[in-house]
Amino acid sequence: QVQLVESGGGLVQPGGSLRLSCAASGSIWSIYDMGWYRQAPGKQRELLATITADHRAIYADSGKGRLTISRDNAKNMVYLQMNSLKPEDTAVYYCHAEISQRGGRRNDYWGQGTQVTVSS
């Protein structure tokens with residue numbers, strides 16, 4: 001079994017910062033791309049950023065400028081640093097990873113989500 005567990009969400013004032021973390025655990029052979037998505041109430045889940053195993057980051061337009069994705073392959077972790085947060089950034093943030101188990105193909109895994117609320 002493979003699990004992704006996010007942490008670091010919470011309530012922050014406009015203009016503030018948060019750092020989200022996501023830990024992958026379980027029977028992991030290899031982790032490929034990792035990424036962060038978010039889903040606001042009444043909206044579809046949207047991609048924010050992805051990062052390859054060799055640390056190449058790609059940002060969606062909604063993530064450019066204020067977000068930084070990074071990963072620690074030794075710890076099976078991915079992070080999302082969010083700066084200059086706005087009320088419209090309020091959403092549930094999800095971690096995603098492409099992971100293979102020994103002898104298996106790549107599969108998509110999702111975390112349970114962490115709530116980020118930007119409000120004064």
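Structure first, text after, so check above.
Note that the structure is predicted; figures quoted are calculated from it, not measured. (Residues numbered from 1 in each chain as written. Predicted model: local features only at pLDDT ≥ 70, side-chain atom pairs only at ≥ 80, totals over all residues. Heavy atoms only, no water.)

1. Focus: the overall build of the protein chain
Move 1: Secondary structure summary: the protein chain contains zero helices and 11 strands in total.
Move 2: Secondary structure elements of the protein chain occur, N-terminal to C-terminal, as β-β-β-β-β-β-β-β-β-β-β.
Move 3: A compact globule built from 120 residues would reach a C-alpha radius of gyration of about 14 Å, and the protein chain, at 14 Å, matches this within 12%.
Move 4: Counting only C-alpha atoms, the protein chain reaches 50 × 25 × 25 Å along its principal axes.
Move 5: Sorting the 120 residues of the protein chain into buried and exposed places 40% on the buried side.
Move 6: Just so you have it, the protein chain exposes about 6,500 Å², and 45% of that area is on carbon and sulfur atoms.
Move 7: Computing the positive centroid from 13 side-chain charges and the negative centroid from 10, the protein chain places the two 2 Å apart. (Helix = DSSP H or I, 4+ residues; strand = E, 2+ residues; numbered from the N terminus. Rg over C-alpha atoms; globule rule 2.2 N^0.38 Å. Buried < 20%, exposed > 50% of the residue type's maximum accessible area, 1.4 Å probe, protein only. Areas by Shrake-Rupley, 256 points an atom, 1.4 Å probe, with all protein chains shown as cover. Lys, Arg positive; Asp, Glu negative; His and termini not counted. Charge placed at Lys NZ, Arg CZ, Asp CG, Glu CD.)

2. A short note on the state of the cysteines
Move 1: Under the defined criterion, the tally for this structure stands at one disulfide.
Move 2: With its sulfur 2.1 Å from that of its partner, Cys22 forms a disulfide with Cys95. Sign of the S-S torsion, about -80° for the bond between Cys22 and Cys95, identifies this disulfide as left-handed. Here Cys22, found in strand β3 (residues 18-26), pairs with Cys95, found in strand β9 (residues 91-100); they are 73 residues apart in sequence, far enough to count as distant. Here Cys22 and Cys95 have matching classes, each one buried. (Disulfide = S-S within 2.5 Å.)

3. Description of the environment of Ser84
Move 1: Relative to the helices and strands, Ser84 resides in the loop between β8 (77-82) and β9.
Move 2: Along the sequence, Ser84 and Ala24 sit 60 residues apart, while their C-alpha atoms lie 27 Å from each other.
Move 3: Excluding its chain neighbours within four sequence positions, the residues that come into contact with Ser84 are Gly15, Gly16, Ser17, Arg66 and Asp89. (Contact = heavy atoms within 4.5 Å.)

4. Observations concerning the pairing of β8
Move 1: The buried fraction of β8 is high, at five of six residues.
Move 2: Where β3 lies against β8, six bridges are found, and the strand directions are antiparallel. Along β8, the bridge assignment pairs Arg19 with Gln81.
Move 3: Sheet topology places strand β7 (residues 67-72) next to β8; six bridges connect them, and they run antiparallel. Across the sheet, residue Asp72 finds its bridge partner in β8, namely Met77.
Move 4: Counting the residues that bridge the hairpin from β7 to β8 gives four residues, and of these Asn76 lies at a positive phi of roughly 55°. (Pairing = 2+ DSSP bridges.)

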